[in-house]
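Okay, here's what each chain looks like letter by letter:
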Amino acid sequence: MNLKYLFALSISMMLTAQSGFSQSAKSKALPKIKVYENKHYFVTEDGKPFFWLGDTGWLTFGKLDRAGVEKYLQDRKAKGFNVVQVMVLHNVNAVNAYGDQALMNDNLSQQITSPGNDPNDAPEYDYWDHIDYTLDVAQKNGIYLAMVPVWGTNISSAKSKVTKADVEKYAKFLADRYKKRTNIIWLNGGDTYGDKFQDIWNALGSTLKTNNPDQLVTFHPFGRTDSSENFHNASWLDFNMFQSGHRRYDQDSVKPFKEDNYKFVHRDWDLKPTKPTLDGEPSYEGIPHGLHDTLQPKWTASDVRRYGYWSVFAGGAGYTYGHNAVMQMFRKGDNPAYGNKELWTSAINAPGAGQMVHIKNLMLEFPYLERVPDQSLVANQGEKYDYQVATRGNDYALIYTYTGRKITVNMGKISGDKVTATWYNPRNGKKTKIGVFDNKGTKEFQPSGKKEDGNDWVLILSSNK
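Conventions we followed
Residues numbered from 1 in each chain as written. Predicted model: local features only at pLDDT ≥ 70, side-chain atom pairs only at ≥ 80, totals over all residues. Heavy atoms only, no water. Buried < 20%, exposed > 50% of the residue type's maximum accessible area, 1.4 Å probe, protein only. Helix = DSSP H or I, 4+ residues; strand = E, 2+ residues; numbered from the N terminus. Pairing = 2+ DSSP bridges. Expected span 1.5 Å × (residues − 1). Polar contact = N/O pair within 3.5 Å; in protein donor to acceptor, adjacent residues only side chain to side chain. Core = buried A, V, L, I, M, F, W, Y, C linked by side-chain atoms within 4.5 Å. Contact = heavy atoms within 4.5 Å. Axes fitted to C-alpha atoms, helices over the stretch in contact; angles between N-to-C directions. Parallel < 35°, antiparallel > 145°, perpendicular 65-115°, else oblique. Left-handed = near helix turned anticlockwise from the far one by under 90°. Nonpolar A, V, L, I, M, F, W, Y, C, P; charged D, E, K, R; others polar. Salt bridge = Lys/Arg side-chain N within 4 Å of Asp/Glu carboxyl O. 1 Å grid on protein atoms, 1.4 Å probe; cavity = no way out; pocket = protein on both sides within 12 Å on 5 of 7 lines; lining within 4 Å. Points joined across faces, edges and corners; volume = space filled by probe spheres on them.

**Student:** Would you take a moment to explain the pairing of strand S15 (residues 396–401) for this structure?
**Tutor:** On a regular strand, each side chain points to the face opposite its neighbour's, so the side chains alternate between the two faces of the sheet. Along S15, 6 of the 6 residues are buried, which leaves the element largely enclosed by surrounding structure. Of the two faces of S15, the one holding Tyr396, Leu398 and Tyr400 and the one holding Ala397, Ile399 and Thr401 are both buried throughout. The pairing of strand S14 (residues 388–392) with S15 spans 5 bridges and is antiparallel. Pairing of Gln388 across the sheet is with Thr401, part of S15. Between S14 and S15, which pair antiparallel and follow one another directly, the connecting turn spans 3 residues. As paired elements, S15 and strand S20 (residues 457–464) share 6 bridges and run antiparallel to each other. For Tyr400, the partnering residue across the bridge sits in S20 and is Val458.

**Student:** How do you make sense of helix H3 (residues 66–78) when you look at a structure like this?
**Tutor:** A turn of α-helix holds 3.6 residues, and therefore any two residues three or four places apart point the same way. Here H3 is 13 residues long and its end C-alpha atoms lie 18 Å apart, about the 18 Å a rise of 1.5 Å per residue gives. For H3, the complete set of buried residues consists of Arg66, Gly68, Val69, Glu70, Tyr72, Leu73, Asp75 and Arg76. For H3, the N-terminal capping position is held by Asp65, with its side-chain oxygen 3.2 Å away from the main-chain nitrogen of Ala67. Once H3 finishes, Gly80 follows within two positions and takes phi at roughly 95 degrees, a positive value.

**Student:** Sorry, what's going on with the nonpolar core here?
**Tutor:** Nonpolar side chains in soluble globular proteins tend to end up buried together. Among the nonpolar cores identified, the biggest contains 117 residues, and Trp52, Leu89, Trp128, Met147 and Phe313 are the most heavily contacted of them. Sorting elements by how many residues they give to this core places helix H4 (residues 127–140) first, with 7 residues. With residues near it in sequence (within four places) discarded, Trp128 still touches Val88, Leu89, Ala102, Leu103, Gln111, Ile112, Thr113, Tyr170, Phe173, Leu174, Arg177 and Tyr178.

**Student:** What am I meant to see in the sheet that holds S20 here?
**Tutor:** What links the strands of a sheet is backbone hydrogen bonding, and the strands pair in either a parallel or an antiparallel sense. If you walk across this open sheet you meet the 6 strands as S13-S14-S15-S20-S17-S18, and the pairing is antiparallel. The open sheet terminates on both sides in strands that have one partner only, identified here as strand S13 (372–373) and strand S18 (431–438). Across the face of the sheet, helix H10 (residues 301–313) comes into contact with S13, S14, S15, strand S17 (418–424) and S20 while running at roughly 145 degrees to S15. Each of S14, S15, S17, S18 and S20 touches helix H14 (residues 357–365); the most contacted strand, S17, lies at about 165 degrees to it.

**Student:** Is there a simple way to think about the packing of H4 against helix H6 (residues 164–177) in this case?
**Tutor:** Between two packed helices, both the angle of their axes relative to each other and the distance between the axes serve to describe the pair. The interhelical angle for the contact between H4 and H6, taken along N-to-C directions, is 45 degrees, at an axis separation of 13 Å. Classified by the interaxial angle, the pair formed by H4 and H6 is oblique. In this structure, H4 meets H6 at a crossing whose hand is right-handed. On the side of H4, the interface is formed by Trp128, Asp129 and Asp132, while H6 contributes Tyr170, Phe173, Leu174 and Arg177. In terms of residue class, the contact of H4 with H6 is built from 4 nonpolar, no polar and 3 charged.

**Student:** So what exactly am I meant to see when it comes to the pattern of salt bridges here?
**Tutor:** Should the charged atoms of two oppositely charged side chains come close, the side chains can pair. In the structure shown here, the tally under the stated rule is 28 salt bridges. Note that Glu70 is salt-bridged to Lys140, the shortest N-O span being 3.2 Å. With Glu70 in helix H3 and Lys140 in helix H4, this residue pair connects regions lying 70 residues apart in the sequence. Using a relative accessible area of 27% as the deciding quantity, one classes Lys140 as partly exposed. Here Arg306 makes a salt bridge to Glu259, at a shortest N to O gap of 3.3 Å. Separated by 47 residues along the polypeptide, Arg306 in helix H10 and Glu259 in the loop between strand S10 (240–243) and helix H9 (262–269) bring together distant segments of the chain. With respect to burial, Arg306 and Glu259 carry one shared label: buried.

**Student:** Explain helix H7 (residues 198–211) here, please?
**Tutor:** Counted at 1.5 Å a residue, the expected span for H7 with its 14 residues is 20 Å, and the 20 Å between its end C-alpha atoms agrees. Along H7, the residues classified as buried are Ile200, Trp201, Ala203, Leu204, Gly205, Thr207, Leu208 and Lys209. On the buried face of H7, the contacting elements are helix H5 (153–156), H6, strand S7 (184–192), strand S8 (217–221) and helix H8 (228–231).

**Student:** Can you walk me through empty space enclosed by the protein in this structure?
**Tutor:** The method is simple in principle: a probe with the dimensions of a water molecule rolls over the atoms, and the space it marks as empty is what remains. Here the structure, examined in full by the defined rule, presents 2 cavities of 30 Å³ or more. Estimated volume of the second largest cavity: approximately 40 Å³. Leu377, Ala397, Val409, Asn410, Met411, Gly412, Lys413, Ile414, Val419, Asn439 and Leu461 are the residues that line the second largest cavity. Here the residues of the lining of the second largest cavity are counted per class, giving 7 nonpolar, 3 polar and 1 charged.

Written out as structure tokens, the structure is:
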């Protein structure tokens, strides 16, 4: 009996006692996620609407031990998240919290595995077993893991020695190991340009999709770019994902959309073939504007709300939140990135993280799958932070203002002679009824509070029948 086995066994016994969870008592598999028949949204395999509310826990597999995995995923469940985006391999020399190395000779095609995958009775507990454990904990908490097989810099680096053959063998390993998992979504790429190394990304995506056709696959691109720009017609790409990025309007002189993440959605909505789209990485809460200058102001809860409502009301199939400390799972003694000084265990309770559930709750309160973006509802749309975005179904309409600016509505866009108007507060999910109005002509609605960034409100119009 070797020391590694004794260590793994003692850790397993301790954590099983703490959590009441063991590999031998797995929770029921989550329903598969698929693209809805209108090709704009997601549903579960039994036809229920699935609104993607994601978090970026990129370094979960590498930096969290089993207790950390339990704490993080239980917290995300409590806050309403149902997807966590995570790297399988941050680097080809990846090592997890237990010192387990993922690959032999830093080669994607040579995974280090041991017999069995249960640390309660197997002779070893390896890197891949820890991923299995995390998937089980996620499943228990109703969470899907959107997994990046290998982060893009490992392919795009000038020092990279990764070949197409390596990628194909690695992707086949992943596909075979996780064939029976229902709570996996694949994020090909990983913060990388889609117009480079396309042979690698196509090989990875097609291998995963061909072997496991029921697992959704997309591409996580570089900042201010979109998977649709390079892979929209790829047979392996089930939905689009864009990274609206971390820069202010004045920090980006190249990309045309800048902070206006809703423009990605509007563009993708009209593409053929029709595919869902969502913002998979907007500005993180607690990260400096532009990322690299730590003296810059930091993005706040109001900013992540703005990105969420803008993109979802424009037709997005969901939204991914992020926090500077949580995305890097910052622990005491770590070297911080992007000026972070907060521990992940504290940052999971940041204001924005607790407010994201309100957008999911609002969207699922109404007939979700009939929803369409409709800017004709807004008489004076505005620009930059004054922009107002609208979405509607047959009997309801939702209009978002980020600055508390008066909303002027072109009525008559939903059914009914009369409509009930209500304010919805994105900060706490509370509603305040305004009144009943004729559903014709133009009506003005003034939110409470002064006009300023972050005084955001949703105007709800519901048909009276």
